[in-house]
Amino acid sequence: MSGGLLASVRVLDLGGASSDGVGRLFADLGADVLKIELGDGTAARRALPAIAGESIAFAINNANKRSAVLDPDSADGRRRLVALAGTADIVVDSGNTGTAAAFGTSAAALAEQFGHLVTLSITDFGATGPYSSRQATDAVLYAMSTALSRTGPTTGRPVLPPEGVASGTAAVQAAWSALAAFYRRLRDGRGDYIDFSRFEGVLQSLDPPFGSEGQAAVGLKSAGELWRGRPRNQHIYPIFACKDGHVRICLLSARQWRGMRGWLGEPEQFADPKFDTIAARYAASRELNAAIAELFASQTMDTLVAGGQARGVPVAAVLTAAETLTSEHFRAVGALTDLAISDGVRVTVPVGPVVVDGRHAGVARPAPTAGADDPDWAAGPFTVEARDDDVRRPFDGLRILDLGVIVAGGELGRLFADLGAEVIKVESAAYPDGLRQTAPGMTMSRSWALTHRNEQSLGLDLRHPEGAELFRRLVAESDAVFANFKPGTLESLGFSYEQLRAINPRIVLAESSAYGATGPWSDRMGYGPLVRAATGVTWLWTSQDAEPDSFYDATTVFPDHVAARLTAVAALAALIRREHSGTGAHVHIPQAEAAVNQLATAYVAEAARAAGVPVTEDHAIHGVYPCEGDDEWCVISVRSQADRAVLSTVIGRDLPDERATFIAAVSEWTHAQDKADVAEILQAAGIPAAPMNRAVDIPTDPQVAFRRLYVEMAHPLFDAPMLSETGPAPYTGIPTAELRPAPMPGEQTRQICQEVLGLSAEDTDRLIADGVLFTRQGSP
């Protein structure tokens, strides 16, 4: 079977700007994505910023698709749309603003009419609930999801994350939810209707207030504390000025710190062994950072990055967006391509974040002109005989061996476990997962409990010959292997994809890494903060309202969560292709490329400006404004002159054109208003606005409570239940996740040895005694 992992999967794209990224991801993976437009094309074609009159975002988010025009006012047009839906596999729509409504139907109605069909309705807040009629921009989504409250200076005006991250994150979560439902369709013939909320997608997948966290955050958080969300630890991944720019360091392990201390010349001031801990270094960050700043000031970015590599100190240059797109690494690995955005104008764009069997699955064709194609499918249907009539969740019966660690790796397995897969977390006694790190007095971290629910733990030494043999036996009986080690680690253990495939030709290997498996940067130490610095994200994560050379992305976990979901989508696409081909695949997500693709519009616009290509700018003002109360804020998005006129009427004064004076004028009105009242007044007037939520605000948010996004998850090691989401989106026919407690290390070792490997109790005891296996401490 050729043409990509989703070849022959038919996707009918009826959405607009808020859902275009979903169809693009399916198209990258080989699906036939047919976009239906009206007249001279969807409004998204005219979105700014633009080059040569063509919307950059539309060009990027609709590459690889086809386009047909149908007339909703004609009986033939309506008939043909319904016929296309009836022969599709997945329909993507965007609610009342989508194309389905123009034809007198909806995603829900099409799902009811065609029982095999998976329909995905993407709206800002969902089709139900008190906010269902409200509008969202990325700024609104940042404010309501708590992302805004965790970025910016420690006090004063918060800083909005870069525009595009929220929309891109929601699109990946939506694609994952739809593809999971389609996989169940292949097994039991039943479709589904998904009422997808972009707000909920961002809450779950950007910087979840209730979910996985990075290693450093877990180490600093005390038991039972619920963070109010203003950034109090910006210095944990500090940025330093140097001769030709800035660099960031990321000191986590004791070995990394010792390398840094040696670089500083072994200062007596920091000789105490206590500085091996993150907490001690953080407490002394003022003095320590001053010493590092003095050392770095006279050196170049390249010299410092090389010096860090030589000493085992994680260092990354803070590159601009344009510098990222001209870097030797991105060119060398094929992560960029030239795309025709209009006649005679080509721009450099990111190809896409998914690598399949060593090749990028991404941009191959430019976005089509409206009506360039006939309203018909380009290939025959995806036909697989439904096998199981009693499937409840999509992945019932799948077995996955999970070697993933921290957030991007750990969360990948949980995504499959929540939807029914048997996920065996393979743990090492010598190299425990960073999420196992706990505060004093705790047996398990909250983050581990939330990340690894519904999984089993097998304590196994892969470096021991007998341990490797046991793993080979597990591979032979499994469907997929997940990992996010440094490139080359699996090969060194004897488990490259070629070796795994020799054991089990149907195996799917899904990996992610900081910079990918090849290229000049592939051997660099890669943590999220360094990835963001090296890819231009840190440079973008500031504000026109902030101090020059100030960066505010230290407390985000981006792109870990979205990388986990992209890896899940790619792995699932490989499992779908296996239904036809009978063979597996190797998929890989470089987190650096995941980050760049989330912000592709901003990168392309910046690269065009740097190359002297005229860009028609978007003059929307997405501002953060003070509200009544202590450190309370709201956001308001003024997208057009029409929005400006409405806002002027609401606050009762003319508004200046210049941004700084505009912000000041609107602030005079908001500072005496409750943040929720501002949102309600302006949303009623048709202007996107939102209060800045903190984590403590989320459980009682009216929309979150109405839609029952979270439930209380009990764990025997915790005194009180923890809030946890129960699925990627609200399905019609797929039940919410079970909430089995996350395991202690090796908790199910004996059970797996008996039930999966068929070992006797005596053999298991011997392997434990020899250190090949380990069990939960204190268990029999």
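Report on the accompanying structure. Values in this document were obtained by computation on a predicted structure and should not be read as measured data.

Parameters at a glance
- Residue indices follow the written sequence of each chain, beginning from 1 at its first position.
- pLDDT decides what is reported in this predicted model: residues at 70 or higher carry local features, side-chain atom pairs at 80 or more are listed and counted, and totals for whole chains, interfaces and linings draw on all residues regardless.
- Computation of side-chain values: all heavy atoms of the structure, hydrogens and water removed.
- One side-chain nitrogen of Lys or Arg within 4 Å of one carboxyl oxygen of Asp or Glu is enough to make a salt bridge.
- Burial classes: relative accessible area under 20% of the type maximum marks a residue as buried, over 50% as exposed, and values in between as partly exposed (1.4 Å probe, protein chains only).
- To qualify as a helix, a DSSP run of H or I must reach at least 4 residues; to qualify as a strand, a run of E must reach at least 2; elements of each kind are numbered from the N terminus.
- The criterion is simple. A nonpolar core is a set of buried Ala, Val, Leu, Ile, Met, Phe, Trp, Tyr and Cys residues joined through side-chain atoms within 4.5 Å.
- How far each domain reaches was decided by an automatic or database domain assignment.
- Contacts are assigned to residue pairs that have any heavy atoms within 4.5 Å of one another.
- Two strands are said to pair when DSSP picks up at least two bridges between them.
- Axis lines are fitted to C-alpha atoms, over the contacting stretch for helices. Their N-to-C directions set the angle, which ranges from 0 to 180 degrees.
- Left-handed describes a crossing whose near helix is turned anticlockwise from the far helix by less than a right angle; the clockwise case is right-handed.
- The cut-offs work like this: below 35 degrees is roughly parallel, past 145 is roughly antiparallel, 65 to 115 is roughly perpendicular, and the gaps in between are oblique.
- Here the term charged refers only to Asp, Glu, Lys and Arg, the term nonpolar to Ala, Val, Leu, Ile, Met, Phe, Trp, Tyr, Cys and Pro, and the term polar to all other amino acids, Gly among them.
- Picture the helix axis, draw a direction to every C-beta atom, and the arc is the one those directions span.
- N or O atoms within 3.5 Å of each other form a polar contact, as long as, within protein, one can give a hydrogen and the other can take it, and as long as residues adjacent in sequence are counted only when both atoms are side-chain atoms.
- Two joining distances apply to patches: 9 Å for like charges and 5 Å for nonpolar side chains (Val, Leu, Ile, Met, Phe, Trp, Tyr), and every residue must have over 30% relative accessible area and no salt bridge.
- Here the accessible surface of atoms and residues is derived via Shrake-Rupley with a 1.4 Å probe, and residues count as covered only by protein chains that are part of the display.
- Under this rule, positive means Lys or Arg and negative means Asp or Glu; His and the chain ends count for nothing.
- Charge positions come from single atoms, namely NZ of Lys, CZ of Arg, CG of Asp or CD of Glu.

### Describing the pattern of salt bridges
Overall, the coordinates contain 45 salt bridges when judged by the stated rule. Taking the shortest distance from any N to any O, the salt bridge between Glu617 and Arg609 comes out at 2.8 Å. Glu617 sits in the partly exposed class, given a relative accessible area of 27%. On the accessibility criterion, Arg609 (35% relative accessible area) is partly exposed. Of the charged contacts in the structure, one is a salt bridge between Asp631 and Arg694, with a shortest N-O distance of 2.8 Å. Here Arg694 lies in the loop between β24 (689-691) and α29 (702-707) and Asp631 lies in the loop between β22 (621-626) and β23 (633-638), a separation of 63 residues in the sequence. Given a relative accessible area of 23%, Asp631 falls into the partly exposed group.

### Points about the nonpolar core
Judged by nonpolar contacts, the single largest core of 152 residues is most densely connected at Phe26, Leu179, Met260, Phe395, Phe416 and Leu572. Ranked by the residues each element gives to this core, the list is headed by helix α7 (residues 165-188), at 15 residues. Residue contributions to this core reach at least three from each of two domains, namely domain 1 (251-313) and domain 2 (621-691). If we skip the residues at most four places from it in the chain, Phe416 touches Trp176, Phe395, Ile400, Ala421, Val423, Phe482, Ala568, Ala571, Leu572 and Leu575.

### Quick look at the sheet that holds strand β9 (residues 239-242)
Taken together, 3 strands build an open sheet; the order of strands is β9-β10-β11 and the sheet is antiparallel. Taken across any chain shown, the strands that pair with only one partner, and hence form the sheet edges, are β9 and β11 (315-317). With direction set aside, neighbouring strand axes in the sheet form an average angle of 30°. As paired elements, β9 and strand β10 (residues 245-249) share 4 bridges and run antiparallel to each other. Residue Phe240 lies in a different strand from β10, and its bridge partner there is Val247. Of the strands in this sheet, β9 and β10 touch helix α12 (residues 285-296), which is tilted by about 30° from β9.

### Topic: the packing of helix α26 (residues 641-651) against helix α27 (residues 659-670)
Put simply, α26 and α27 touch, their axes get as near as 10 Å, and they point 40° apart. The crossing of α26 and α27 is left-handed. Residues Arg644, Leu647, Val650 and Ile651 of α26 lie in contact with α27, whose contacting residues are Phe662, Val666 and Trp669.

### With respect to the packing of helix α6 (residues 138-145) against α7
Viewed as axis vectors pointing N to C, α6 and α7 meet at an angle of 75°, and their least axial separation amounts to 8 Å. Compared by their axis directions, α6 and α7 come out roughly perpendicular. Along its contact with α6, which presents Asp138, Leu141 and Tyr142, the element α7 presents Val165, Ala166 and Ser167. Taken together, the residues of the contact of α6 with α7 break down into 4 nonpolar, 1 polar and 1 charged.

### Quick word on the pairing of β22
With 5 of its 6 residues buried, β22 lies for the most part within the structure. Hairpin connection from β22 to β23: 6 residues lie between these consecutive antiparallel strands, with Gly629 at a positive phi of about 110°.

### What about helix α28 (residues 675-684)?
Among all positions in α28, only Lys675, Val678, Ala679, Leu682 and Gln683 are buried. End-on view of α28: buried residues confined to an arc of 115°, all on one side of the axis. The outward face of α28, more than 90 degrees from its buried face, is lined by the exposed residues Glu680 and Ala684. Those residues of α28 that are buried are in contact with β23, α26, α27 and β24. Where α28 begins, the side chain of Asp674 points an oxygen toward the backbone nitrogen of Ala676, at a separation of 2.9 Å. Looking at the residues trailing α28, positive phi occurs at Gly686, about 90°.

### Quick look at the sheet that holds strand β27 (residues 773-774)
The 9 strands lie next to each other as β15-β14-β21-β20-β19-β16-β17-β18-β27, forming an open sheet whose pairing is mixed. The open sheet has two edge strands with one neighbour each: β15 (359-360) and β27. Bridge count between strand β17 (residues 422-427) and strand β18 (residues 456-460): 4 bridges; the pairing is parallel. Its bridge partner being in β18, Lys425 is matched across the sheet by Ser457. Packing of helix α16 (residues 406-418) onto the sheet brings it into contact with β16 (399-402), β17, β19 (480-483) and β20 (508-513), and relative to β16 it is tilted by some 165°.

### Details of unusual backbone geometry
In terms of backbone geometry, most residues other than glycine have negative phi values and most peptide bonds are trans. With an omega dihedral of 5°, the bond running from Leu48 to Pro49 counts as a cis peptide bond. Tracing the backbone through its elements, the reader meets Pro49 in the loop between β2 (32-37) and β3 (50-51). Residue Pro559 is reached from Phe558 by a cis peptide bond, and omega for that bond is 5°. Relative to the helices and strands, Pro559 resides in the loop between α22 (537-540) and α23 (560-581). A positive phi angle, near 75°, is found at Asn64, a position not held by glycine. As for its position among the elements, Asn64 is in the loop between α2 (56-61) and β5 (66-69). At Ile406, a position not held by glycine, the phi torsion is positive, near 50°.

### Description of a negative patch on the surface
A cluster of acidic residues, Asp244, Asp302, Glu323 and Glu328, forms a negative patch at the surface. With respect to the helices and strands, the residue Asp244 is situated in the loop between β9 and β10. For Asp244, a relative accessible area of 44% corresponds to the partly exposed category.

### Considering the side chain of Arg66
Position of Arg66 relative to the elements: it lies in strand β5. Of the polar contacts made by the side chain of Arg66, one reaches the side chain of Asp32; its length is 2.9 Å. Ignoring sequence-local partners within four residues, the contact set of Arg66 consists of Asp32, Val33, Leu34, Lys35, Arg365, Pro368, Asp373, Asp374, Asp376, Trp377 and Ala378.

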